[in-house]
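Examination of the molecular architecture
The residues making up each chain are set out below.
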Amino acid sequence: MIVITTPTGSIGHQVLENLLDSGRPIRVIVRDPSRLTSHTRERVEVVQGSHGDIDVANQAFAGADAVFWLAPPNVHAESVEAAYVDFSRPACDAIKSLGVKRVVAVSALGRGTAVAARAGHVSASLAMDDLIASTGVSYRALTMPSFMDNILRQVGSIRDQGMFFWPISGDRKLPTCATRDIAAAAAKLLLDATWSGEGHIAVLGPEDLSFNDMAQIMSEVLGKPVLFEQISFEAFKAGFIERGASKAFAQCMLDMVRAKNEGLDNAEPRTPQSTTPTSFRQWCEDILKPAVLG
């Protein structure tokens, strides 16, 4: 039995799609089952509710061999620790008491770096990893840089202004990965019953790119000029608050991108195992171009 959290989310739904034809029994935890397609509902067991709730976790994890864990973003959280660590505590109790064998979770790069303790959401993700590992379950943290798919939040400005914005230097080269590759890595681990112990697997995409590099690639794929403009950290934080996020969430986003600008994501050595296939150009062709051009 494999349990999938966030089965309608940007990563979780792709993990689920990768597993549906595996022949394994699958159970999903979802707040609103109507968001699952009828085809999917017919092929999985559904537990309705939040995976941060102990009763839901106990029901979903009973008899489970493996769990895909993702702490969902909570823009209204009073603290980043509440959003990641406190949210995960009930599940950790259930993992331990019900004898779940393996957990695969979405986490972040940066462990062991000088900025890891002051990196906002990244710091909380690493603390969540420690909490899950403390249960004694066999654990793999998928550690990622920023996602290519995050650029979809700026489709409007790319389409209407030919610009996208971020507070990180336009010349800093960073790894970036596609959510499809995260989902593929997660599915592979969930189907493999041979691994044990605690560890991490980095998902780095095929190359490091700067935002200026990305602008050039977007321009070529979209057939129109696209420019990158670096904004201030203060403007970046203010934008989240204007869109309704809590001050704590906005501050943690600022702390995270500042840490990335100081090299947080560059510390992980690139290996054949951590280099994943989807290039930014291919992602732009497959995902960004239809979103921008219709």
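Going by the structure above, here's the rest.
In this text the structure is predicted, and so the values were computed from the model without any measurement.

Basis of the calculations
Residues numbered from 1 in each chain as written. Predicted model: local features only at pLDDT ≥ 70, side-chain atom pairs only at ≥ 80, totals over all residues. Heavy atoms only, no water. Buried < 20%, exposed > 50% of the residue type's maximum accessible area, 1.4 Å probe, protein only. Helix = DSSP H or I, 4+ residues; strand = E, 2+ residues; numbered from the N terminus. Contact = heavy atoms within 4.5 Å. Arc of directions from axis to C-beta. Polar contact = N/O pair within 3.5 Å; in protein donor to acceptor, adjacent residues only side chain to side chain. Phe/Tyr/Trp six-rings, centres within 6.5 Å; stacked < 30°, edge-to-face > 60°. Core = buried A, V, L, I, M, F, W, Y, C linked by side-chain atoms within 4.5 Å. 1 Å grid on protein atoms, 1.4 Å probe; cavity = no way out; pocket = protein on both sides within 12 Å on 5 of 7 lines; lining within 4 Å. Points joined across faces, edges and corners; volume = space filled by probe spheres on them. Nonpolar A, V, L, I, M, F, W, Y, C, P; charged D, E, K, R; others polar. Axes fitted to C-alpha atoms, helices over the stretch in contact; angles between N-to-C directions. Left-handed = near helix turned anticlockwise from the far one by under 90°.

Before going further, it helps to spend a moment on helix 1 (residues 12-19). By the burial criterion, the buried members of helix 1 are Gly12, Gln14, Val15, Leu16 and Leu19. Where helix 1 is buried, its residues touch strand 1 (2-4), strand 2 (26-30), helix 2 (38-41), strand 4 (66-69) and helix 7 (179-191).

Here we take up helix 9 (residues 233-242). Those residues of helix 9 that fall on the buried side of the exposure criterion are Phe233, Phe236, Gly239 and Phe240. Taken around the axis of helix 9, the buried residues stretch over an arc of 125°, which confines them to a single face. Residues of helix 9 that are exposed and angled more than 90 degrees away from the buried face: Glu234 and Glu242. Of the surrounding secondary structure, the elements contacted by the buried residues of helix 9 are strand 7 (163-166) and helix 10 (247-261).

We now examine the environment of serine 138. With respect to the helices, strands and loops of the structure, serine 138 is situated in strand 6 (residues 138-144). Residue classification places serine 138 among the buried positions, given a relative accessible area of 13%. Between the C-alpha atoms of serine 138 and glycine 244, which are 106 residues apart in sequence, the distance is 38 Å. For serine 138, the side chain forms a polar contact with the main-chain nitrogen of glycine 197, separated by 3.3 Å.

Applying the stated criterion across every chain, the model contains eight aromatic pairs. Between tryptophan 166 and phenylalanine 236 the ring centres are 5.1 Å apart and the planes differ by 75°, which places this aromatic pair in the edge-to-face class. Placement of the pair is tryptophan 166 in strand 7 and phenylalanine 236 in helix 9, with a sequence separation of 70 residues. These aromatic residues form a ring-pair network of at least three members: Trp166, Phe236, Phe240 and Phe249.

If you look at the biggest cluster of nonpolar residues, it comprises 42 residues, and the most contacted ones within it are Ile158, Phe164, Met218, Phe280 and Leu288. Listed by contribution, the elements that provide at least two residues to this core are helix 5 (121-133), helix 6 (155-161), strand 7, helix 8 (211-222), helix 9, helix 10 and helix 11 (280-293). With residues up to four places along the chain from it excluded, the contact list for isoleucine 158 reads Ile151, Met163, Phe164, Met218, Leu222, Lys224, Val226, Leu288 and Val292. Within the second largest apolar cluster, 34 residues are counted, among which are Val47, Phe61, Trp69 and Ala71.

Take the environment of threonine 276 next. Topologically, threonine 276 is positioned in the loop between helix 10 and helix 11. As a C-alpha pair, threonine 276 and leucine 204 span 72 residues in sequence and 6.2 Å in three-dimensional space. Look past the residues within four positions of threonine 276 in its chain and what remains in contact with it is Asp181, Val203, Leu204, Gly205 and Pro206. A polar contact is formed between the side chain of threonine 276 and the backbone nitrogen of glycine 205, at a distance of 2.8 Å.

With that out of the way, let us pick up the side chain of serine 274. Here serine 274 shows up in the loop between helix 10 and helix 11. Serine 274 gets classed as buried once you look at its relative accessible area, which sits at 3%. Among the polar contacts listed, one links the side chain of serine 274 to the backbone nitrogen of threonine 271, at a separation of 2.9 Å. Ignoring any residue separated from it by four or fewer positions in sequence, one finds serine 274 in contact with Ala202, Val203, Leu204, Gly205 and Pro269.

A word on the layout of surface pockets. Its boundaries defined by the atoms lining it, the second largest pocket holds a volume of some 260 Å³. Ala108, Arg111, Leu126, Thr143 and His200 are the residues nearest the centre of the second largest pocket, which is lined by 18 residues in total. The set of elements that each furnish at least two residues to the lining of the second largest pocket consists of helix 5, strand 6 and strand 9 (198-202). In terms of residue class, the lining of the second largest pocket is made up of seven nonpolar, six polar and five charged.

Right, let's talk about the packing of helix 3 (residues 54-61) against helix 4 (residues 80-98) for a bit. The interhelical angle for the contact between helix 3 and helix 4, taken along N-to-C directions, is 35°, at an axis separation of 8 Å. Here helix 3 and helix 4 pass one another in a crossing that is right-handed. Where helix 3 approaches helix 4, its residues Ile54, Ala57, Asn58 and Phe61 are matched on the opposing element by Pro90, Ala91, Asp93, Ala94, Ile95, Ser97 and Leu98. Classifying every residue of the contact of helix 3 with helix 4 gives eight nonpolar, two polar and one charged.

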